[in-house]
Amino acid sequence: MDVKEGIAPEDTAKPATASQSKLVWWAFKKHRLALVSAWILAGMMLVIVLCEFLAPFDDRHRDAEYTTAPPQVLKLWSDSGFGLHVDGYTSEQDPRSLRITYTANPDDRVDVGFFVKGEEYELFGLIPMDRHLLGPTDPGDPMYLWGTTTDGQDLLSQVVYATRVSASVGIIGVLLAFILGIVLGAISGYFGGWADNVIQRVIELIMSVPAIPLWLGFAAALPADMNPVTRYFIITTILALVAWTGLAREVRGRFLSLRGEEFVTSARLDGSSHGRIMFRHMLPSFSSHIIAALSLSIPGMILAETALSWLGMGLRPPAVSWGVQLQDASKWSVLSGAPWLLIPGLCVVLVVLAFNFVGDGLRDAADPYKH
């Protein structure tokens, strides 16, 4: 067999023997922006799993002496010697507005270390621990790398805990919506008839109502004193019940085009059940499209939760989410003196863009006409 100049024989054989998953992976790696975004999302998943260990303080930690204190800078060298540290604060109160301003004090050194002892927590909800990845060597010293909130909470710790809540709302909500969309869309497209009519009329009814008023209406019906965990699951369910309709229509269209194919007829003649034909034969034929749609739907769910919480209709304190944190940033009197309170908003932008880039990369990589 002739070998093209500059290409090794084993390289020419790879595409001919590679599986579909390998072809998708090779194509996805060529999308540099999607690959970088995938690493960002991998870091986000690590934060979700290990947030108690990664956060310098507990999500309930408050320091009334340092409210809206500015971010500190990590340093390795000072007049007192070498070592990781931050400068402490010097406070000054305005006699007219009574507003307290904080400035860095190089003479007040706060030593910082890795794997330091701090507030106790349970890793994975099972393992008692008191070690944190980064923190002050003396737990009582102020170390606020991203500044503090209006309540004196460490913003970095709050963002870490909020990442778990907001991202998990998006992921869990999309998974619930996808289960509904795939199952109902498959039934509608495969069986047709009265089942198709009923499901499509329900979809049209839900899609005819504007999404934001519908979310607000459902969220407003929840009692204000509801347990934060219960409210979290109910908000996730509400978002899922609204988000499944688009996927259901896509799945229905695919099933309508596939149910007359020869492999479906063969499976039916072979005695396969309806469920096996739908979910073992028809659904895998466009699984790559579903995976891409899944990654592109999560940002919308995260934005929906953030918007609801920011409006005060979603998650509420003491629950921690990006939307809850951005409530302080909506006040210009606060934001003008503490612009670092916008950091949760930057996290929302970064994660949403990362999901969109990964979704675009998966969609392009899974396109059979591009291989």
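The preceding data block contains the structure.
Residues numbered from 1 in each chain as written. Predicted model: local features only at pLDDT ≥ 70, side-chain atom pairs only at ≥ 80, totals over all residues. Heavy atoms only, no water.

Across its full length, the protein holds 14 helices and four strands. Computed over its C-alpha atoms, the radius of gyration of the protein comes to 26 Å, more than 25% above the 21 Å expected for a compact globule of 371 residues. Taken over the C-alpha atoms alone, the protein extends approximately 85 × 65 × 40 Å along its principal axes. Per-residue burial for the protein yields a buried fraction of 43% across its 371 residues. (Helix = DSSP H or I, 4+ residues; strand = E, 2+ residues; numbered from the N terminus. Rg over C-alpha atoms; globule rule 2.2 N^0.38 Å. Buried < 20%, exposed > 50% of the residue type's maximum accessible area, 1.4 Å probe, protein only.)

It is worth spelling out unusual backbone geometry at this point. In this structure, Thr-68 is a non-glycine residue whose phi angle is positive, near 50 degrees. Of note, Thr-68 is situated in the loop between helix 3 (32-54) and strand 1 (75-78). Judged by its relative accessible area of 23%, Thr-68 is partly exposed.

Attention now goes to helix 4 (residues 155-191). End to end, helix 4 covers 53 Å across 37 residues, agreeing with the expected 54 Å (1.5 Å per residue, within 8%). By the largest-angle criterion, Ala-162 marks the main kink of helix 4, which is about 25 degrees. For helix 4, the buried fraction is high: 26 of the 37 residues fall into the buried class. Positive phi appears at Gly-192, one or two residues downstream of helix 4, with a value of about 65 degrees. (Expected span 1.5 Å × (residues − 1). Bend = angle between axes of the 7 residues up to and from the residue.)

On to the packing of helix 3 against helix 14 (residues 343-365). Where helix 3 meets helix 14, the closest approach of the two axes is 8 Å, and the angle between their N-to-C directions is 130 degrees. As far as their axial angle goes, helix 14 and helix 3 are oblique. With respect to the hand of their crossing, helix 3 and helix 14 are arranged in left-handed fashion. Between helix 3 and helix 14, the contacting residues are Leu-33, Ala-34, Ser-37, Ala-38, Ile-40, Leu-41 and Met-44 on the first element and Leu-350, Val-351, Ala-354, Phe-355, Phe-357, Val-358 and Gly-361 on the second. Class assignment of the residues belonging to the contact of helix 3 with helix 14 gives a composition of twelve nonpolar, two polar and no charged. (Axes fitted to C-alpha atoms, helices over the stretch in contact; angles between N-to-C directions. Parallel < 35°, antiparallel > 145°, perpendicular 65-115°, else oblique. Left-handed = near helix turned anticlockwise from the far one by under 90°. Contact = heavy atoms within 4.5 Å. Nonpolar A, V, L, I, M, F, W, Y, C, P; charged D, E, K, R; others polar.)

Moving on to helix 5 (residues 193-207). An ideal rise of 1.5 Å per residue puts 21 Å on 15 residues; helix 5 measures up with 21 Å between its terminal C-alpha atoms. Of the residues making up helix 5, those classed as buried are Ala-195, Asp-196, Ile-199, Gln-200 and Ile-203. Buried residues in helix 5, looked at end-on, bunch into an arc of 115 degrees, giving them a common side. Opposite its buried face, helix 5 presents the exposed residues Trp-194 and Leu-205, each directed more than 90 degrees away. Buried residues along helix 5 sit against helix 4 and helix 8 (245-258). (Arc of directions from axis to C-beta.)

So, about the packing of aromatic side chains. A full pass over the atoms with the stated rule returns nine aromatic pairs. Taken together, the aromatic side chains of Phe-57, Tyr-66, Tyr-89, Tyr-102 and Tyr-144 make up a single cluster linked through ring pairs. (Phe/Tyr/Trp six-rings, centres within 6.5 Å; stacked < 30°, edge-to-face > 60°.)

Scanning all chains against the criterion turns up nine salt bridges. Put simply, Arg-109 and Asp-111 hold a salt bridge, and the shortest N to O gap is 2.7 Å. When the shortest N-O distance is used, the salt bridge between Arg-252 and Asp-196 registers 2.7 Å. Placement of Arg-252 in helix 8 and of Asp-196 in helix 5 is noted, with a sequence separation of 56 residues between them. Residue Arg-252 is classed as partly exposed on the basis of its relative accessible area of 23%. Through salt bridges that share partners, Asp-58, Asp-59 and Arg-60 make up one connected network. (Salt bridge = Lys/Arg side-chain N within 4 Å of Asp/Glu carboxyl O.)

As enumerated under the stated definition, the model contains zero disulfides in all. Distance from the sulfur of Cys-51, which forms no disulfide, to the nearest cysteine sulfur (Cys-347) is 14 Å. (Disulfide = S-S within 2.5 Å.)

Strand order across the open sheet formed by four strands is 1-2-3-4, with antiparallel pairing between neighbours. Since the sheet does not close on itself, it has two edges, and those belong to strand 1 and strand 4 (127-136), each with one partner. Between one strand axis and the next, the sheet turns by 55 degrees as a mean value, whatever way the strands run. The sheet contact formed by strand 3 (residues 100-123) and strand 4 spans eight bridges and is antiparallel. Counted as the bridge partner of Val-116 is His-132 from strand 4. (Pairing = 2+ DSSP bridges.)

By the secondary structure assignment, Leu-33 is in helix 3. Judged by its relative accessible area of 44%, Leu-33 falls in the partly exposed class. Residues Leu-33 and Val-358, 325 residues apart in the sequence, show an inter-C-alpha distance of 8.0 Å.

Between two packed helices, the angle of one axis relative to the other and the distance separating the axes together describe the packing. Packing of helix 11 (residues 287-310) against helix 14 leaves a shortest axis separation of 7 Å and a crossing angle of 165 degrees. It follows that helix 11 is roughly antiparallel to helix 14 by the angle criterion. Helix-helix and strand crossings are classified by hand; for helix 11 and helix 14 the assignment is left-handed. Within the contact between the two elements, helix 11 uses Ile-291, Ala-292, Ser-295, Leu-296, Ile-298, Pro-299, Ile-302, Leu-303 and Thr-306 and helix 14 uses Val-348, Val-351, Val-352, Phe-355, Asn-356, Val-358, Gly-359, Asp-360, Leu-362 and Arg-363. Class assignment for the residues of the contact of helix 11 with helix 14 results in 13 nonpolar, four polar and two charged.

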